[in-house]
Amino acid sequence: MSRIVLNRRKFLTASAGGVAGLALAGCDQFDAVLRPGHPIRDTMAAANELTYTAQRALLGREALAREFAESEIRQGMRPNGSVDPDSPEYLFLARNNFFHYRLRVDGLVETPREYSLAELRNMPARTQITRHDCVEGWSCIAKWTGVPLASVLDEVRPHSNARYCVFHCFDYYGGSATGAPYYESIDMIDARHPQTILAYGMNDATLPIANGAPLRVRVERQLGYKMAKYIRRIELVESFAQIHRGKGGYWEDRGYDWYAGI
Ligand SMILES: Nc1nc2c(c(=O)[nH]1)N[C@H]1C(S)=C(S)[C@@H](COP(=O)(O)O)O[C@H]1N2
Ligand SMILES: [Mo]
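This section reports on the structure supplied with the text.

Rules behind the numbers
Residues numbered from 1 in each chain as written. Chains lettered and ligands numbered in written order. Predicted model: local features only at pLDDT ≥ 70, side-chain atom pairs only at ≥ 80, totals over all residues. Heavy atoms only, no water. Helix = DSSP H or I, 4+ residues; strand = E, 2+ residues; numbered from the N terminus. Buried < 20%, exposed > 50% of the residue type's maximum accessible area, 1.4 Å probe, protein only. Contact = heavy atoms within 4.5 Å. Areas by Shrake-Rupley, 256 points an atom, 1.4 Å probe, with all protein chains shown as cover. Near = heavy atom within 4 Å. Polar contact = N/O pair within 3.5 Å; in protein donor to acceptor, adjacent residues only side chain to side chain. Nonpolar A, V, L, I, M, F, W, Y, C, P; charged D, E, K, R; others polar. Pairing = 2+ DSSP bridges. Core = buried A, V, L, I, M, F, W, Y, C linked by side-chain atoms within 4.5 Å.

### Observations concerning the overall build of the chain
When you go through the chain residue by residue, the secondary structure sums to 7 helices and 10 strands. Across the 262 residues in the chain, those meeting the buried criterion constitute 42%. Contacts spanning at least 24 positions in sequence make up 67% of the contacts within the chain whose residues lie at least 6 apart. Put simply, the chain shows about 13,700 Å² of open surface, and 54% of that area lies on carbon and sulfur atoms.

### Structural notes on the site of ligand 1
By nearness alone, 22 residues border ligand 1, and Arg78, Asn80, Ser82, Asp171 and Lys229 come closest of all. Ser82 has a polar backbone atom sitting 2.8 Å from an oxygen atom of ligand 1. In the model, a nitrogen atom of ligand 1 is placed 3.0 Å from a nitrogen or oxygen of the Met227 main chain. Burial of ligand 1 by the protein chains amounts to 98% of its free accessible area of 540 Å². When residues in the shell around ligand 1 are grouped by element, the largest group, 3 residues, is from strand β5 (residues 164–173). Split by residue class, the shell around ligand 1 holds 12 nonpolar, 6 polar and 4 charged.

### So, the pairing of β5
Across the 10 residues of β5, 8 count as buried, placing the element largely inside the fold. Bridging between β5 and strand β6 (residues 180–187) involves 7 bridges; their strand directions are antiparallel. Residue Tyr172 lies in a different strand from β6, and its bridge partner there is Pro181. Following β5, the chain reverses through 6 residues before pairing antiparallel with β6; Gly174 in that reversal takes a positive phi of roughly 95°. In the sheet, β5 pairs with strand β10 (residues 231–237) via 6 bridges, with the strands oriented antiparallel. What sits directly across from Val166, in β10, is Glu235.

### Things to note about the nonpolar core
Counting residues in hydrophobic clusters, the biggest one holds 40 residues, and the most contacted among them are Leu103, Leu149, Cys165, Phe167, Leu198 and Ile234. If we skip the residues at most four places from it in the chain, Leu198 touches Leu103, Thr145, Gly146, Val147, Leu149, Val152, Phe167, Leu215, Arg216, Val217, Ile231 and Ile234. By size, the runner-up hydrophobic cluster in this structure holds 10 residues, among which are Trp138, Trp144, Ile197 and Leu207.

### Quick look at unusual backbone geometry
The omega torsion across Ala213 and Pro214 is 5°, close enough to zero to call that bond cis. Assignment of secondary structure puts Pro214 in the loop between β8 (205–206) and β9 (216–218). Of note in this structure, Arg157 is not a glycine but carries a positive phi near 55°. Of the residues examined, Arg157 reaches a relative accessible area of 44% and is grouped as partly exposed.

Shown next as structure tokens:
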């Protein structure tokens, strides 16, 4: 750092510390305040520590989840929650091998659009072997292939006030007769995280119905319930207060934390 910048920084620090009446004739006067134990220096150190903590929290969320080797896939992916959606719309799509499926992406975006599965498969793909941790206390390592959600967002161009991606699903948890629609939401940090993918493949095969066919999201830094299966629509919103019971997800509406970081 240049001496000028350093001096300017010392000056700003002194000002911020509320030091009045210090002579500004030279810089030497300021050197004393940089000695350990001096209140201004300690304030500055504390401020740095605060910035570091905040930054580490952010960096922590951007860090990659651990990825595993093929040899570490020791089991199949245990299906959980809804495993066989029963709505007429979903059954129709499944019967036709999801040929008529369209993912709708809309809400606070410049260009709302729909994607067929073929279109999603033609976009640059990412494959990752990760561990899925369910809040119920079990884990599975599986291999996921899909299109980064960031690529889709780049195409639809979210407005600057878009803060969350809401995933609307085909299934009603507990069945379409008495259940409620499953849905989830993540913020833009997770949405643009490089490992956040819209997965259509699992363990080198087409994603099975039990695990969310035709499309489910992987949010590798969070618990399993955030990873919506059977996605039919992604809605970009500024707030999810008006959606279902307003807590941002099916399980959140029933008391789970909205942020389920691991
Ligand atoms: N649409 C939908 N997504 C869902 C669920 C669900 O019931 N419906 N269950 C969640 C939970 S609690 C877990 S642990 C995972 C299970 O994914 P899997 O079936 O591939 O193991 O999906 C999550 N996503
Ligand atoms: Mo779960």
